[in-house]
Structure formats: C-alpha cells, structure tokens
Amino acid sequence: MPVYIARKLAFFLLAVFAASVLIFLLIRGAGGNVAAVILGKDATAEAINALSRQYGLDRPLPVQYFDWIGNLFRGDLGRSFRTNEPVTDLVVSRLSISIPLCLSGLVLGLLIAIPAGTYSALNSDKPVGALIALLSQVGIAVPVFWAGILLSLLFGVRLGWLPTGGWTNWDSNFWGAVRSLVLPVISLGLILGASLTRYVRSAVLDVMNQDYVRTARATGMTRMQALLRVGLRNAALPIATVVGLQIAELIGGTVIIETVFSLPGLSRMILANVAAREVIVVQSTVMLIIVFVMLVNLIVDLLYGVLDPRVRLTR
Amino acid sequence: MSVPNAIEVVDLVVGVDELSAVRGVSFAVPARGRMGLVGESGSGKSMTAMALMGLLPPGWQARGRVLHDGVDLLTLSDKALSSRRGRTISMVFQDPMSSLNPVRRVGDQIADVIHRHMGVTRRAAHAQAIDLMTQMNLPRPEQLARAFPHQISGGQKQRIMIAMALACYPQLIIADEPTTALDVTVQKQVLRLLNAATRERNSALLMITHDLPVIAAMCDTVAVMYAGRIVEHGPVQKVFRTPRHHYTRGLLDSQPTMDNIALDGSSRLHSIPGMVPPLHALPSGCAFHPRCPAATDRCRTSMPEIDATGAACWHPVPVAAPAEAAS
C-alpha cells in the first residue's frame, strides 16, 4: 500500500505540473501578447508596453511561469487588471458557493444512482427495471440547463416555494443561502444521477452474475445479503472509477447551472473573466479547478487501493 | 426405512418457459452414501444440482419434490433455504478461480460461513477456520488465511472452497465437476481430500462429473443422465461392468485406456455417433434413439422407464456381452 500511495501521489504531482505548464503556454500562445489581449485591438503600442512592464509580462516565459506558480503556492492568485482587486479574495467567497453546490450535487447524484441502479439491475427482467433504465436514458439526454429551467419554473414560479435565482450570503442569511442552492443542487444531482444510474446498473448486473456471488448464496446468504455484502462491495470498484471521470462533467454542469440560477459562483466568475479578457485571473482559476479535479481523481485512486486488494498488493 | 436419505429427489422437472433441461429425474442419496451423476455437457446434471440448492438462474422453475432433512426444499422460501445452504446441504463448484470473493481474505470467507450458521463468535469462527484449513492440508494456514484469493493457487482455492462446504458438517455435499478446472497433478489430491473429508464428517456426497474413473473410485452408486433423464441407475460395479443402456455402454467404450489408444491412427477408441440433442429439439420416444445402434420403431414412439434391469431401454444390452470396465 505505501508504494501504491507514493506512486499515485507522484503521478498526481507530475500531472498537476504538466497541466500548469500547459495552461500557462496555452494562455500565452492563444492571443500572442497577453497585454495586447487584455487591452483589446484598439490599444496603442505605448499602452501595451506600459501594461507589460507593470505586470512583468515582458520578462522571459520561464521567469513568468515560476513567478506565477510561486505565487499560487503562497495562495496569491494575482490581481485583476481592471479593478486591481486580489483574485484570491474573490475566489474564496465564490468557492463558498461552488464547492457546496458541486459536492451536494455529487452526493445527491450518488444517492439517486446507487439505489436506482441496483434496483433496476435486480429487476432487469421486470417492467420496473426497464422503466428505471428508460428514465435514466431520458435524464442523460436532458441538458442540465433545461432541467434547471424546468425546476425553476415549477418550484420557483408556479409554486413559489424556492427562489428562482440569486444569492444571499452564508453569514447574513444561512437558510436563505441553503434555499438558493436547493434547486441548482437538484438539477445537477438529477442529471448526474441519471448517467451514474446506468453505470451502477451495469456494474451490479455484472457482479451479480459472478461465480463468487453464487458461492455467497450457496453458503447461506440470502439474495439481499449477497447483494449488500458481496455484490455492492465488488461493484464499488467500477463505480468509483466512473465517479472520478464524472467530476469534470459535473464542474462543466456548475458553469451552466450557476448561470441559470444567477449564482455568483466560481464557474460564473471564470466565464465573466474570459469575457472581460482578465487573462491572469482566468489562468489562475482554471488551474485551481484542474487541481480540484485531479485531487478528486487522486482520492478515487487511493479509494481503489482500499477497495481492491488486487490493486493494493500487486502494483 | 433403516437408513434415512441425505436427499431424495422425486420426479424433478427443471425448465424455463416451455423448455425443460431436467425431465422427471428421481434418485436418492442415503445418509453417508456417495452417488455419482454422469453425463455429457447439456445432459441436465448441473441444472439438477442447482435445483437441489435452490439456486436456479432467474426465470427457471423446478417442479417435483426434493426431500432433505424432513422437508421438501422446493416448497421453502429463499430465507428458509438460505438457513440450510452451507449448513445441511452445501456445494463445491467447478471453477475455484472465480468462486471466491476477490476482495475478502480467504480465512474470513471460511469464518463467515461458520459464524453465519454455527452461532459462534467471530473469533471462535476464525479459529475453526484455521483448524479446517489445517485439515485441508493447506500449508501455513495462519498465514494463508490472511491471503486474498488472487494470491493463492487454484488447488489451494478449491481446498478453501471444500473447507467452506464442509465447515458446518452438512448432511450432503454436492460437488459439480470439482476438479475440471485444476491441473491434472492436483486433481487427484483434491479428490482424495474431498473423499476423506466427507467420510470423516459423515457427509453424503453427490459427485457430478463426466469423468467415469472418478465415479468408479469414489462412489457407491451411479446415475447416468442423457437429455434431462436418468437412463441408467445402479451400483457402480454393476453399471460399469455390465451396462444395460446403450448410452452407458457407449460412454464406457469411449474411455481412453492404454489398450485402445494408439498414436499411429489405428486407434480403437470408440465414440458415440451424433451429438447431444438441444433442448428445443428433443427426439420423440427415447431421446437417445437417433444415436443408438439398437433403436427400433418402438424407441422412436414411446419413452422407456427404468425397469428391473436398471436401465431405461426397450432393448437393453445383453448381460452376456460385458463392456470393458472403466479403469
């Protein structure tokens, strides 16, 4: 196990480094001169040079890169060109929306997918199993923004139970903040749950046909015990892998859902900064999201080692 | 009845929808007895075993009676059956490679069975598991108990499976081709172990195999299955020395021995012409008639039952012409 952890950790650090270099070069390569990109096509040469000097954009690339990375490690994500605000402060308040949104969506998705997928697998020869599989297909086909709009129409506009959008701060009105998040979380969770249901279903179907489940039954486990103690334990391996892969998709979903529900989250901030050509802010926040996705996948890998002795002991 | 039966099967029919894989099978294994069930793939012998265990695939149904320990197993709920599986009736499967839970230590898997059925603490169950592993001739049992299935050999896995099946001193063990997936060199060891261990525990054994010498060495009686029916049934010595059904005789004649095998092409090894019929196209009358050398019109139209000869055949093989005994 220690060797396995060390390997995965080394791989994680290497991947983060590679991603940071890639992001840095992509931003530099995309628009040519960063200062020119920021100032737009009408800017004068003097203005561009002045901005380049002010932000050190005229230095050699490796110096700029290590300066950026060094600042990231110190928690300094740079400053906005326009407002001169430190990005870090902005990001922290935005994360207080995006992280609960993302994690609650994930948890809800799993809470939907694991029972629904399992139930559908166990009843695969009955109409109810087929119905769940069909609903899951429908859920996969529905775009997350559409789900958000429909939910908002029903619970926000028609019934008036929950806000259709907007945000109150956690500190000023905790329950108001929770209420603002309910519909976005349900939208994300439903859509994620729909696609995960399909994976859970096929994982459980596969596992329940394995000889070792038959052995479990032959040694006295009821169908339910064999499912819960042997089946799901083994099905957890492929499911964990898929959850890791779905994280990136989930974050893509938050960009859309934050827009639909007018939540001032991190994803919307990136979108706004792209539009405003805040190159350095975009570079830092995208890096932050990449690290988050990789971290989740690192956790999934480590979990895999815990769940599967074959992984832990042979690699 | 002087000797109670470990299991008695009466008119067992196993099928899915309109198809039947087992078509009216009756036999009994006396307590501490050992019976062999022989047949080619598709003869219904594995389906018979799964029906006895109550572990048929989804959609499959069993009719008839399976009397065991004073109850008809076919009438029990899954829960009631579960409390018997692994305790009074247990099974050793064909493929030990895939039959153990890959994410649980093998010692724990044995201990689980003991803990589930014997009402002992986890610690006691674990101690008993180590004990059992010692009796299964497994090397360094304490250490091996902590291994996961992928870390041990096929022969060791099958010994673990046998330990699990024997753990609660069952009245009957069903072994379905227990050595087919193993190396030839360990097959004999595992069979010897299964033989000795079931005798020590006074468990009856139902040995399912297509390997006739194994039956000859281990069993008292043998039933030969063909196309879902028992076509011949009797003491091993009698059936193998003087087979009365032409299918049994064909099986015995197709056993390779040093005498009938030759590498120069002049092999005298016999084979039964034709193939086992598929379930959806069973021949009328005696299902074996298209492949039988002695078939007549009567065989085509009416199905024979087992009679005093021990065979279900209208024209049994004459006793005067004994086939070569299985080696």
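Owing to the predicted nature of the structure, the values given are computational and were not obtained by experimental measurement. (Residues numbered from 1 in each chain as written. Chains lettered and ligands numbered in written order. Predicted model: local features only at pLDDT ≥ 70, side-chain atom pairs only at ≥ 80, totals over all residues.)

Draft legend 1. Focus on the overall build of chain A. What chain A contains, in helices and strands, is 13 helices and 0 strands. Within the span of chain A, comprising 315 residues, buried residues form 33% of the whole. Once local pairs closer than 6 in sequence are excluded, the contacts in chain A between residues at least 24 apart make up 70%. (Helix = DSSP H or I, 4+ residues; strand = E, 2+ residues; numbered from the N terminus. Buried ≥ 20, exposed ≤ 12 C-beta atoms within 10 Å, placed from the backbone. Contact = placed C-beta atoms within 7 Å.)

Draft legend 2. Region of the structure containing the domain arrangement of chain B. Residue and element names in this part refer to chain B. The assigned domain composition of chain B is domain 1 (5–219) and domain 2 (225–301). If you average the C-alpha positions of domain 1 and of domain 2, the two centres end up 28 Å apart. Contact residues are listed per partner, giving 21 residues for domain 1 and 15 residues for domain 2. Secondary structure elements with two or more residues in the side of domain 1 that touches domain 2: β2 (19–30), β3 (34–38) and α9 (212–218). Among the residues making up the side of domain 1 that touches domain 2, the classes are represented as 11 nonpolar, 7 polar and 3 charged. (Domains from an automatic or database assignment. Nonpolar A, V, L, I, M, F, W, Y, C, P; charged D, E, K, R; others polar.)

Draft legend 3. Representation of the sheet that holds strand β9 (residues 221–226) of chain B in the model. Residue and element names in this part refer to chain B. Pairing in this open sheet of 6 strands is mixed, and the strands run β6-β7-β8-β3-β9-β10 from one edge to the other. Edge positions in the sheet fall to β6 (89–92) and β10 (229–235), since each has one partner strand and no second. Neighbour-to-neighbour, the strand axes of the sheet open up by a mean angle of 15°, direction not taken into account. Two strands pair when backbone bridges link them, and β3 and β9 are joined in this way by 4 bridges, in the parallel orientation. From the neighbouring strand, methionine 35 faces β9, where its bridge partner is threonine 221. Most of the contacts of helix α7 (residues 154–166) go to β6, to which it runs at about 175°, and overall it touches β6 and β7 (172–176). (Pairing = 2+ DSSP bridges. Axes fitted to C-alpha atoms, helices over the stretch in contact; angles between N-to-C directions.)

Draft legend 4. Structural view of the nonpolar core. Residues Ile110, Ile162, Ala163 and Met207 of chain B are the most contacted members of the largest nonpolar core, which totals 138 residues. Top element by residues in this core is helix α8 (residues 174–208) of chain A. It accounts for 15 residues. Per-domain counts for this core show at least three residues from each of domain 1 (5–219) and domain 2 (225–301) of chain B. (Core = buried A, V, L, I, M, F, W, Y, C linked by C-beta atoms within 7 Å.)

Draft legend 5. How the structure looks around the UniProt feature "transmembrane region" (unreviewed entry) in chain A. In the numbering used here, UniProt assigns the "transmembrane region" (unreviewed entry) feature to residues 95–116, 128–161, 181–200, 235–261 and 281–307 of chain A. With 96% helix and 0% strand, residues 235–261 of chain A has its two end C-alpha atoms placed 35 Å apart. (UniProt positions renumbered as here; feature names shortened; annotations may be inferred.)

Draft legend 6. Region of the structure containing the sheet that holds strand β4 (residues 60–68) of chain B. Residue and element names in this part refer to chain B. A sheet is described by the order of its strands in space; here 4 strands give the open sequence β2-β1-β4-β5, paired in antiparallel fashion. The open sheet has two edge strands, β2 and β5 (71–72), and neither has a second partner. Helix-sheet contacts for helix α1 (residues 45–53) involve β1 (5–16), β2 and β4, and the interaxial angle to β1 is about 115°.

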